[in-house]
Amino acid sequence: MDAGPKLARLQGRLLMVGFGSVGQAVLPLLLRHLELQPGQVSIISAHEAGREIAAAQGVAFARSPLTDANHEQLLDAQGLLAGDFLLNLSVDVSSLALLRWCEPRGLLYLDTCTEPWPGLYTDASLPPTRRSNYALREQVLAFGREHRGGPTALMTMGANPGLISSFVKQALLELAAGAGLPGGVPAGRCGWAGLARDLGVRVIHVAERDTQVCSCHKRRDEFVNTWSVDGFVSEACQPAELGWGSHERHWPEHAGRHGYGCDAAIYLQRPGAATRVRSWTPLEGPYHGFLITHAEAISIADHLTLRSGDELVYRPTVHYAYHPCDDAVLSLHEFAGRNWRLQSIQRIVRDEIVAGVDELGVLLMGQAGGIYWYGSRLDIARAREMAPHSNATSLQVAAGVLAGVAWALQHPGAGVVEPDELPHDFVLGIARPYLGELLGVRGDWDPLRDRGRLFEEELDPADPWQFRNFLVA
């Protein structure tokens, strides 16, 4: 790759844990944009995939699966010192365990998802709240409160969660400019929440439609995806979760509150892969997406909450509405039909993709002037031009990771941080070159618009922004 602008310097070492589709896309970007030599980087992974990619770039690679029993011993053997960086891009490795290992050693940390050890997501003996992203986030935030001012640990910083929080802020600023509200960047989380309230934003979807297609389509007993199969299956089996807005008047069937923590989100007693919602993106138009649990649905709702004492004044409803590539939809359908038992063959597609776009953004609704989608349209051809070993989906995540690593290196003593706390202009300034077309689009869609009714539905035409109107029966 051509040399790019250098964003930050790492004097010590960087250890990458996990080297799947995202890790393989991230590595060239780190070597391009950081003052960092390949000899400073090492990779440990649970799988052999990507060994030749690491070797071609002069980076040490070892297959060393981390477990609850061995992770401290294996990590100690890496010889990391204060100021070094642990970049966690793995699945089924506890983020909290790695945080607890990094903090006393003075190591910087970043991950793209708060993960537990294997088994938690699908342990039906546990109540849904224990298997939720809400619970995982609360544990990490509690750790952060106990270790304020420690080495920077940037949590859940990929595309979504990650970049998507900066998309929300940029969308709010563009809506404010269009509405003639006073300019300037709001101060702190109360400032951003106040802006969202003043604009009248009631609902935020992470609205994503992946249209990438392959020369070799999904076969029977095969799970195909454009990013991690294990990661997608894990979150698809968790309870559906969403930030719960202050405007909501209908309580969803089989919904529950957590009863502790920030109280910004609820869960449904059904997996996200079995819960569909209506949403919209500019290229796709109306579509049915899966309400897959994601950390950003909770953190964005929490950071956009306004209270007066103990009274909730304002909060939008926030959730993911994911339509993956068509082969992944077929894979989910077969997976569910097998009573949630994974297919014997798993395939992550990259080089065999022949066309398609990952359209990933935030859809803001309820404000005057119609809906507003802001995000990235990245097609496979452009992704291949910009970075090797990537597809449109993995490069969007890699762009968020790159921005997060650069910020952490520039702010090494920030403690535990969420993407919502980062300056959005810094994040987008770094990620923008790898996001294809980054734009905002207005529309007039709502969940009841042009909706054919084959049977009676429990709707609220007077207020289309109630969650009940988005949920697919």
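None of these values were measured; they are calculated from a predicted model.

1. Regarding the packing of helix H4 (residues 95-102) against helix H5 (residues 133-146)
Okay, step 1: Packing of H4 against H5 brings their axes to within 10 Å, and their N-to-C directions diverge by 15°. In terms of their interaxial angle, H4 and H5 are classed as roughly parallel. For the crossing formed where H4 meets H5, the hand is right-handed. Taking contact as the criterion, the partners of Leu 96, Leu 99 and Arg 100 in H4 are, on H5, Gln 139, Val 140 and Phe 143.
Okay, step 2: Along the lines of polarity and charge, the residues of the contact of H4 with H5 split into four nonpolar, one polar and one charged.

2. Considering the pattern of salt bridges
Okay, step 1: Going through the model one piece at a time under the given rule, you end up with 24 salt bridges.
Okay, step 2: The closest approach of N and O atoms between Arg 189 and Asp 302, which form a salt bridge, is 3.4 Å. You can see Arg 189 sitting in helix H7 (residues 188-199) and its partner Asp 302 sitting in helix H9 (residues 295-303), a full 113 residues away along the chain.
Okay, step 3: Arg 189 gets classed as partly exposed once you look at its relative accessible area, which sits at 41%.
Okay, step 4: Between Asp 263 and Arg 257 there is a salt bridge, with its nearest N and O atoms 3.7 Å apart.
Okay, step 5: Asp 263 sits in the partly exposed class, given a relative accessible area of 30%.
Okay, step 6: In this structure Arg 257 comes out as partly exposed when scored by relative accessible area, which is 42%.
Okay, step 7: Taken together, the salt bridges that share partners define one network made up of Arg 137, Arg 189, Asp 302 and Glu 418.

3. Describing the packing of helix H6 (residues 163-179) against H7
Okay, step 1: Two elements in contact, H6 and H7, have axes separated by 10 Å at closest approach and are oriented at 45°. Considering their axes alone, H6 and H7 lie oblique with respect to each other. H7 is crossed by H6, and the crossing has left-handed handedness. Contact residues: H6 offers Lys 169, Leu 172, Leu 173, Leu 175, Ala 176 and Ala 179, while H7 offers Trp 192, Leu 195, Ala 196 and Leu 199.
Okay, step 2: Residues belonging to the contact of H6 with H7 are distributed by class as follows: nine nonpolar, no polar and one charged.

Cut-offs and rules
Residues numbered from 1 in each chain as written. Predicted model: local features only at pLDDT ≥ 70, side-chain atom pairs only at ≥ 80, totals over all residues. Heavy atoms only, no water. Axes fitted to C-alpha atoms, helices over the stretch in contact; angles between N-to-C directions. Helix = DSSP H or I, 4+ residues; strand = E, 2+ residues; numbered from the N terminus. Parallel < 35°, antiparallel > 145°, perpendicular 65-115°, else oblique. Left-handed = near helix turned anticlockwise from the far one by under 90°. Contact = heavy atoms within 4.5 Å. Nonpolar A, V, L, I, M, F, W, Y, C, P; charged D, E, K, R; others polar. Salt bridge = Lys/Arg side-chain N within 4 Å of Asp/Glu carboxyl O. Buried < 20%, exposed > 50% of the residue type's maximum accessible area, 1.4 Å probe, protein only.

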